[in-house]
Every structure is written in C-alpha cells, then in structure tokens.
Amino acid sequence: MDITDISTRYSVRRLDKSDVADIYALCSKNTLYYRHCPPFVTERGIYDDMEALPPGKEVCDKLYLGFYDGADLVAVLDLILGFPNDKTAYIGFFMTETSVQNAGVGSGIIDELCLWLKRADFSSVRLGWVSGNAQAERFWLKNGFIETGEIYDKESFRVVAAMRGLISSETDFNMQNAQKR
Ligand SMILES: CC(C)(COP(=O)(O)OP(=O)(O)OC[C@H]1O[C@@H](n2cnc3c(N)ncnc32)[C@H](O)[C@@H]1OP(=O)(O)O)[C@@H](O)C(=O)NCCC(=O)NCCS
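Cut-off values and rules
- Residues numbered from 1 in each chain as written.
- Predicted model: local features only at pLDDT ≥ 70, side-chain atom pairs only at ≥ 80, totals over all residues.
- Heavy atoms only, no water.
- Polar contact = N/O pair within 3.5 Å; in protein donor to acceptor, adjacent residues only side chain to side chain.
- Helix = DSSP H or I, 4+ residues; strand = E, 2+ residues; numbered from the N terminus.
- Near = heavy atom within 4 Å.
- Areas by Shrake-Rupley, 256 points an atom, 1.4 Å probe, with all protein chains shown as cover.
- Nonpolar A, V, L, I, M, F, W, Y, C, P; charged D, E, K, R; others polar.
- Axes fitted to C-alpha atoms, helices over the stretch in contact; angles between N-to-C directions.
- Parallel < 35°, antiparallel > 145°, perpendicular 65-115°, else oblique.
- Left-handed = near helix turned anticlockwise from the far one by under 90°.
- Contact = heavy atoms within 4.5 Å.
- Disulfide = S-S within 2.5 Å.
- Buried < 20%, exposed > 50% of the residue type's maximum accessible area, 1.4 Å probe, protein only.
- Salt bridge = Lys/Arg side-chain N within 4 Å of Asp/Glu carboxyl O.
- Pairing = 2+ DSSP bridges.

A. Spatial organisation of helix α5 (residues 134-142). Two to three positions downstream of the cap, the backbone nitrogen of Q135 sits 3.2 Å from a side-chain oxygen, assigning the N-cap of α5 to N133. Of the residues flanking the end of α5, it is G144, one or two places downstream, whose phi is positive at about 85 degrees.

B. Examining the site of the ligand more closely. Around the ligand, 19 residues are found, and the nearest of them are F94, N102, G104, S107 and R138. In the model, an oxygen atom of the ligand is placed 2.9 Å from a nitrogen or oxygen of the G106 main chain. S107 places a polar side-chain atom, nitrogen or oxygen, 2.5 Å from an oxygen atom of the ligand. For the ligand, the protein covers 82% of the area, taking 920 Å² as the surface of the free molecule. Only β4 (88-96), α4 (105-119) and α5 provide two or more residues apiece to the shell around the ligand. Top contributing element to the shell around the ligand by residue count: α5, with 7 residues. Looking at side-chain class alone, the shell around the ligand contains 9 nonpolar, 8 polar and 2 charged residues.

C. Focus on the packing of helix α1 (residues 20-28) against helix α3 (residues 43-51). At their nearest, the axes of α1 and α3 sit 10 Å apart, and the two run at 110 degrees to each other. In terms of orientation, α1 and α3 fall into the roughly perpendicular class. Of the two elements, α1 crosses α3, and the hand of that crossing is right-handed. Along its contact with α1, which presents V20, A21, I23 and Y24, the element α3 presents E43, I46, Y47 and M50. Taken together, the residues that form the contact of α1 with α3 break down as 7 nonpolar, no polar and 1 charged.

D. Fine view of the state of the cysteines. As enumerated under the stated definition, the model contains 0 disulfides in all. Residue C27 stays outside any disulfide, its sulfur separated by 11 Å from that of C37, the closest cysteine. Taking relative accessible area as the criterion, C27 reaches 2% and is therefore assigned buried.

E. Representation of the pattern of salt bridges within the structure. Across all of its chains, the model carries 11 salt bridges by this definition. A salt bridge links E51 to K17; the nearest nitrogen and oxygen atoms lie 2.6 Å apart. You can see E51 sitting in helix α3 and its partner K17 sitting in the loop between β1 (11-14) and α1, a full 34 residues away along the chain. Residue class for K17 comes out partly exposed when judged on its relative accessible area of 43%.

F. Looking closely at unusual backbone geometry. The linkage connecting P38 with the following residue, P39, adopts the cis geometry, with an omega of 5 degrees. The topology assignment puts P39 in the loop between α2 (31-36) and α3. A cis amide bond links F83 to the next residue, P84, at an omega of 0 degrees. Along the polypeptide, P84 turns up in the loop between β3 (72-81) and β4. Backbone geometry at N102 places phi at a positive 65 degrees, although glycine is not the residue there. In this model, D121 sits at a positive phi of 80 degrees, which is unusual for a non-glycine residue. With respect to the element layout, D121 can be found in the loop between α4 and β5 (124-130).

G. Local environment of the sheet that holds β3. The 7 strands are arranged β1-β2-β3-β4-β5-β7-β6 in an open sheet whose pairing can be described as mixed. With one partner strand each, in any of the chains shown, β1 and β6 (146-153) form the two edges of the open sheet. Across the sheet, the mean angle from the axis of one strand to that of its neighbour is 30 degrees, orientation sign disregarded. Across the sheet, α1 lies against β2 (62-69), β3 and β4, angled at about 95 degrees from β3, the strand it touches most. Most of the contacts of α4 go to β4, to which it runs at about 160 degrees, and overall it touches β2, β3, β4, β5 and β7 (158-165).

This is how it looks when you write it as structure tokens:
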C-alpha cells in the first residue's frame, strides 16, 4: 500500500518527531475539539500519540500521516490498519488546519482515504467521536459514517462509535454476489 496514493490533491507523508511543532501549531488552534476531548494538546501528548497502538497492533499497522499543500500541513490523520479486525481500518484521530475548514478539505481527504482503503481490500472504516461534539458528529455523519450503537465511557467524556462500509456501489454488490455463486 503506497501512502502517496491516498490523495490526488495533497502530498501525503508519515509524520515524525521533527514535525511535532507543526502538528502542535495545527492542533492548538482547534480549541473546540479539546473542550470536548481534554486535556488540551501538548507537544508531549503528540509524541505519545505518534507511538500509541491499540491492543494487539504493531508499529507497521500504524499510519500517522500529514497531508501537505506545498509546504503547509493541512491535515493530520492517525490510522490503524486491520483494527479491530483484519478487514477494518480505524481512524484514531483526524484534524484539519482551521484556516481551511468548512471548504470541503476534510471530506475530500476522507473520501479519497476510503477509496484507497477499498482498493486495498478493506471493507469498513471505524472511529469514535466524543458525545456532544457537534462539529465531529456532523462531519462524520455527513461523510457516510453511521453509529454502531456502542458507547465507550472514558474518564471525562463518552465516545460514540461509528463505521462506514466501503462496499457501496451496485457493481460491488454484483461482483461480490457473482464471486459467491
Ligand atoms: C471535523 C473537521 C475534520 C472537518 O474538517 P473540514 O476541513 O472543515 O471538513 P469539511 O469542510 O469537509 O466539512 C465541514 C463539515 O464539518 C461539520 N462542522 C464543521 N464545523 C461545525 C460546527 N461548528 N458545528 C457543527 N458541525 C460542524 C459540518 O458537517 C460541516 O459541513 P456542513 O456545514 O455542510 O454540514 C475539522 O472541523 C476539525 O479538524 N475539527 C477538529 C477535530 C475533529 O473534531 N476531528 C474529528 C474527530 S477525530
């Protein structure tokens, strides 16, 4: 899987410790997000997130990515491949630069990401948003995610689980059914 194919609009690359200051600059402007999902971002927290893995996953399953418009970082994505099952990818974090928000940037990236994952044979994408964060909730619902019904209680907030299936067109269904026959 070639991460540079994720976007036709932006350059995509893995972020590392040398990018932390730029990531902090992007994140720290998204104050609404951290009001719902405390604590407020710190450079230390970004380092930790870069290395954080869910149970059973390894470094090779994690993509901590930056989307660049020229030299400008416009979005950060934390993606785990094959979690919670082989055919599912998990978005742990997605954030866009405030100066480009509400212009379709986030939706465009997520749409292309879903196409890329579908080409790599994943069948669904999962994620969670903090209950009460209308910005995140409306964004994910607008982008075709549906609530799974699961709610996870964290110390100071609740997480609403959601998913988007990647097999959607009639052609895909027909192809799948033909393969089953
Ligand atoms: C959510 C986020 C990624 C959207 O990025 P974007 O580049 O603005 O994406 P788009 O322009 O494609 O989508 C904008 C949509 O977000 C939602 N949205 C944005 N601001 C909102 C607000 N204040 N209240 C409610 N919904 C809001 C709306 O659905 C809006 O589309 P609509 O007005 O047509 O309904 C961005 O606002 C962000 O980074 N927020 C902070 C981090 C976050 O919440 N990430 C998601 C949870 S991990």
